[in-house]
Amino acid sequence: MQLEGIHHISAITGDAPANVDFYARVLGMRLVKKTVNQDDPTVYHLFYADEDGSPGADLTFFEYPGARQGRHGSGMVHTIVFRVASEAALDFWVDRLAGEGIEASRDTGRIVFADPEGLGLEFVVVERPDAPLSARSLDVPAEFALQGFEAVRAYADDWPRSEALLSGPMGLTEIASHDWEARGELRGGRIVFEDSPGRGVPGAGTVHHVAWSIGLGEEEAWQQLIARTGLRPTPVIDRFYFRSVYFREPSGILYELATRGPGFTSDEPKETLGEALSLPPNFEAVRDSVSQKLTPLPDVTQWRPAVTA
Ligand code: ZN
């Protein structure tokens, strides 16, 4: 068993319509699933990814309407790092973000900025053997599109124990100082630990958890492996699109292990992913009342090329 990089990352938004506008229109990601929080069906859980909704490119947001902006602190991921193809792609993004009133700082091989709610984003040019995971968008030329996750940057206080977990049971490799890679046969992804600025405050623009990618069918074995470390993983939870185990690592970062599959096409066709509201089976009976309570969202099809046969 080995981790195949980052599966998905989940964050919090206080403004779902603006969140859709930014991630689907500005960044050109595909909204691949529009569903509700399994614990509160009156708020969204939105999933943005590449064209196929692949693990490795899936950024999700829980909607907490009107939530105040949080503050990144210890035990929290503060920046999400995406791959892009070239320096020309970075030029494109600096210009495109400037057109939205967002200033990105530019370095060789990378740009750093924040989304409208303060979530740290970084685009990097890296040489990797992994397949690029991109979405199609009318506004973002294919050669400049995001290509999936490279890494997350996190604030950690208990580096020795956080890193022992990675190097031991989880099987990551330290490829630079405090920079750890989970590389499997399919993909790789990294977590980089940085000095914590102090306590954080959860809220809009903060990351809730990062999920590592495991094989479908491996979830029970991983659950037991983590339990043997003395950490306290949840039982395997069925998230319908994948199966998950959650646990807090020693510095307090919430990790999830999520299976590759069944995937987002388990309840709607690939061609129209994310266009209709998907509900967990136990909420289907109350679809009408749930739909009426949800915030109206922009129509994402206006930013997507027409489906070609
Ligand atoms: Zn998750």
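**Student:** Is there a simple way to think about the coordination of the zinc ion in this case?
**Tutor:** Between any two of four tetrahedral donors, the ideal angle at the metal is 109.5 degrees; between two of six octahedral donors, it is 90 or 180 degrees. Around the zinc ion, the protein contributes the donor atoms H8 (NE2), H209 (NE2) and E256 (OE), at 1.9 to 2.0 Å from the metal centre. Read from N- to C-terminus, the donor residues coordinating the zinc ion fall into the pattern H-x200-H-x46-E. Of this pair, H209 sits in strand 13 (residues 207-214) while E256 sits in strand 16 (residues 254-262); the two residues are 47 residues apart in sequence, bridging distant segments of the chain. Overall, E256 belongs to the buried group, its relative accessible area being 0%.

**Student:** Sorry, what's going on with the pairing of strand 8 (residues 120-125) here?
**Tutor:** For a regular strand, the rule is simple: side chains alternate between the two faces of the sheet. Burial of strand 8 is extensive: 5 of the 6 residues sit out of reach of the surface. Sheet topology places strand 5 (residues 76-84) next to strand 8; 6 bridges connect them, and they run parallel. In the strand pairing of strand 8, F82 is matched with F123. Counting the residues in the hairpin turn of strand 7 (residues 110-114) and strand 8 gives 5 residues, including G118, whose phi is positive at 95 degrees.

**Student:** I would appreciate a short explanation of the pairing of strand 1 (residues 6-13) in the present structure.
**Tutor:** For strand 1, a buried count of 8 out of 8 residues is recorded, marking the element as mostly surrounded by other parts of the structure. Of the pairings in the sheet, the one linking strand 1 to strand 13 comprises 5 bridges and is antiparallel in character. Each bridged residue has a counterpart across the sheet, and for S10 the counterpart in strand 13 is H209. Pairing geometry for strand 1 and strand 4 (residues 58-63), over 6 bridges, is parallel. Residue pairing for strand 4: T13 is matched across the bridge by E63.

**Student:** Sorry, what's going on with the pattern of salt bridges here?
**Tutor:** Throughout the structure, instances matching the rule amount to 25 salt bridges. Two residues, E51 and R136, come together in a salt bridge whose shortest N-O distance is 3.5 Å. With a gap of 85 residues between them, E51 in the loop between strand 3 (40-49) and strand 4 and R136 in the loop between strand 8 and strand 9 (149-156) connect regions that are remote in the sequence. Overall, the relative accessible area of 35% leaves R136 in the partly exposed class. As a salt-bridge pair, D179 and R190 come within 2.6 Å of each other at their nearest N and O atoms. Pair noted here: D179 is in strand 11 (residues 179-183) and R190 is in strand 12 (residues 188-195), with a separation of 11 residues, a long-range link. The residues D179 and R190 share a single accessibility class, namely buried.

Conventions used here
Residues numbered from 1 in each chain as written. Predicted model: local features only at pLDDT ≥ 70, side-chain atom pairs only at ≥ 80, totals over all residues. Heavy atoms only, no water. Donors = N, O, S within 2.8 Å, 3.2 Å for Na, K, Ca; no water. Helix = DSSP H or I, 4+ residues; strand = E, 2+ residues; numbered from the N terminus. Buried < 20%, exposed > 50% of the residue type's maximum accessible area, 1.4 Å probe, protein only. Pairing = 2+ DSSP bridges. Salt bridge = Lys/Arg side-chain N within 4 Å of Asp/Glu carboxyl O.

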